[in-house]
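Coordinates in review
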Amino acid sequence: VEAHFGPRPLAGKRVLLTSGPTHEPIDPVRYIANRSSGAQGSALGRALADLGAEVVFVTGPADVAPPGGVEVIAVETAQEMKDAVEAALPVDAAVFAAAVADWRVASASGRKLKKVAGKMPILEFAENPDILAHVAQMEAGRPGLVVGFAAETDDVIENATAKRERKGCDWIVANDVSPETGIMGGSENAVVLISDAGTETWARMSKDDVAAQLAQRIADALA
Ligand code: CTP
Ligand code: CA
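Residues numbered from 1 in each chain as written. Chains lettered and ligands numbered in written order. Predicted model: local features only at pLDDT ≥ 70, side-chain atom pairs only at ≥ 80, totals over all residues. Heavy atoms only, no water.

**Here we look at the nonpolar core**
Definition in use: The criterion is simple. A nonpolar core is a set of buried Ala, Val, Leu, Ile, Met, Phe, Trp, Tyr and Cys residues joined through side-chain atoms within 4.5 Å. A 1.4 Å probe rolled over the protein chains alone gives each residue an accessible area, and that area as a share of the maximum for its type sets the label: buried under 20%, exposed over 50%, partly exposed in between. Only DSSP runs of H or I covering at least 4 residues are called helices, and only runs of E covering at least 2 are called strands; the numbering of each starts at the N terminus. Note on contacts: a residue pair qualifies if any of its non-hydrogen atoms lie within 4.5 Å across the two residues.
One finds Leu17, Leu44, Leu48, Val55, Val95, Leu214 and Ile218 to be the most contacted residues of the largest nonpolar core, which totals 32 residues. Counting residues per element, the ones that place at least two in this core are β1 (14-19), α1 (39-50), β4 (54-59), β6 (93-96), β9 (145-152), β10 (171-176), β12 (191-195) and α5 (207-222). Per element, the largest residue contribution to this core is seven residues, and it comes from α5. Excluding its chain neighbours within four sequence positions, the residues that come into contact with Leu48 are Leu10, Val15, Leu17, Ala53, Val55, Ala215 and Ile218. Judged by nonpolar contacts, the second largest core, of 27 residues, contains Val75, Ile131, Leu132 and Cys169.

Set out below in structure tokens:
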């Protein structure tokens with residue numbers, strides 16, 4: 001248990017936060033994943049809880065531990081994440097920091113695929129539901145603030161701005177995850193916050209500091 005002595009502007013607010021990668025099974029022993037560590041999501045969960053929020057933290061199989069002081073709901077696949085998100089509603093704000101797999105294996109095998117010399121499996125994919133877009137476009141019970149993330153390697157602001165419009169979320173937190181930035185799997189982040197008000201480029205800082213600033217902005221928006 002940690003003690004917090006600062007102001008608690010998110011007291012009484014319920015915030016949903018997705019984090020980490022998802023794993024999409026190929027068979028009982030193999031899966032498709034991505035390089036999300038869950039570090040930014042965990043830092044944000046901690047920062048939101050520090051400001052007094054009731055945080056529902058829906059996480060895929062992340063490298064980093066979930067924050068303390070939040071309700072942790074562990075999932076594996078995108079479809080499980082969507083179910084957990086729907087079960088957590090209604091909330092005052094929903095923040096989607098998870099790196100959700102865009103595709104799942106269309107018919108994952110219930111039995112281990114056996115190696116046969118010279119015969120490679122061909123995987124067919126199906127599209128996963130877009131959880132952020134689904135929540136952002138809810139007709140009834142939409143959270144008052146819906147925040148997405150956009151990890152890009154090219155044309156960061158252009159892609160993220162289009163993503164915000166396409167999905168219908170209020171804010172997009174965009175970042176450049178090109179390998180040379182060291183952001184994916186690292187302890188720092190350099191983000192651009194895109195909202196109705198325009199585009200704000202934040203200095204490169206620790207993921208903890210990005211989390212603290214973002215949590216404060218969320219508190220300001222819900223006040
Ligand atoms: N997201 C989601 N469900 C998905 C895919 C993405 O909730 N099935 C959310 C992510 O958590 C993130 C935002 O949507 O907040 C943007 O994810 P991203 O992968 O950058 O966007 P895509 O629309 O999948 O575009 P692409 O991967 O082609 O860049
Ligand atoms: Ca994607």
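**So, the coordination of the calcium ion (ligand 2)**
The condition is simple: Coordinating N, O and S atoms are those within 2.8 Å of the metal (3.2 Å for Na, K and Ca), and as water is not part of the atoms, a site may appear to have fewer donors than expected.
At 2.5 Å from the calcium ion (ligand 2) lie its protein donor atoms, namely Asp102 (OD) and Asp102 (OD). Position of Asp102 among the secondary structure elements: in the loop between β6 and β7 (103-105).

**Comments concerning the site of ligand 1**
Basically, it comes down to this: Nearness here has a simple test: a residue counts as near a molecule or strand if at least one of its heavy atoms is within 4 Å of that partner. Polar contact is the term for a pair of N or O atoms within 3.5 Å; when the atoms are in protein, one must be able to donate a hydrogen and the other to accept it, and sequence-neighboring residues count only if both atoms are side-chain atoms. Method for areas: the Shrake-Rupley scheme with a 1.4 Å probe, in which residue coverage is limited to the protein chains shown.
Around ligand 1, 15 residues are found, and the nearest of them are Phe96, Ala98, Pro129, Phe149 and Lys163. A distance of 2.8 Å separates a nitrogen atom of ligand 1 from a polar backbone atom of Pro129. One of the backbone N or O atoms of Leu132 is found 2.8 Å from an oxygen atom in ligand 1. Taken by itself ligand 1 offers 580 Å² of open surface, and the protein chains cover 78% of this. Counting only elements with at least two residues in the shell around ligand 1, the list comes to α3 (131-136), β9 and α4 (156-167). Considering each element in turn, the shell around ligand 1 owes the most residues, four residues, to β9.

**Comments concerning the environment of Asp196**
Along the chain, the position of Asp196 falls in the loop between β12 and β13 (198-201). Spatially, the C-alpha atoms of Asp196 and Glu86 are 26 Å apart, while their sequence positions differ by 110 residues. With near-sequence residues (within four places) excluded, Asp196 lies in contact with Arg164 and Asp170. Looking at Asp196, its side chain comes within polar contact range of the side chain of Arg164, at 3.2 Å.

**Examining the environment of Glu188**
Mapping Glu188 onto the fold places it in strand β11 (residues 188-189). If we skip the residues at most four places from it in the chain, Glu188 touches Ile183, Arg204, Met205, Ser206 and Lys207. Of note is the side chain of Glu188, whose polar atom sits 2.7 Å from the side chain of Arg204.

**Regarding the UniProt feature "binding site: CTP" (unreviewed entry) in the protein chain**
Definition in use: UniProt positions are given in the numbering used here, feature names are shortened, and annotations may be inferred rather than shown by experiment.
Per the UniProt record, "binding site: CTP" (unreviewed entry) is annotated on Asp102, Lys112, Pro129, Asp130, Ile131, Leu132, Phe149, Lys163 and Lys167. What stands out for the annotated residues spanning 66 residues is how far apart their C-alpha atoms range, the widest pair being 37.4 Å apart. Note that Lys112 resides in the loop between β7 and β8 (125-127). If sequence neighbours within four positions are ignored, Lys112 has contacts with Asp27, Pro28, Val29 and Arg30. Take Phe149: it is sitting in strand β9.

**So, the sheet that holds strand β5 (residues 71-74)**
Note the cut-off: Paired strands are those between which DSSP finds at least two bridges. Every axis in this analysis is a line fitted to C-alpha atoms, fitted for helices over the stretch in contact. Angles between the N-to-C directions lie between 0 and 180 degrees.
Spatial ordering of the open sheet is given by β5-β4-β1-β6-β9-β10-β12-β13, a layout of eight strands whose pairing is mixed. The two strands at the open ends of the sheet, each matched to only one other strand, are β5 and β13. Ignoring strand direction, the axes of neighbouring strands in this sheet form an average angle of 15°. Looking at chain direction, β1 and β4 are connected through six bridges and run parallel. Each bridged residue has a counterpart across the sheet, and for Thr18 the counterpart in β4 is Val58. Across the face of the sheet, helix α2 (residues 78-88) comes into contact with β1, β4, β5 and β6 while running at roughly 175° to β1.

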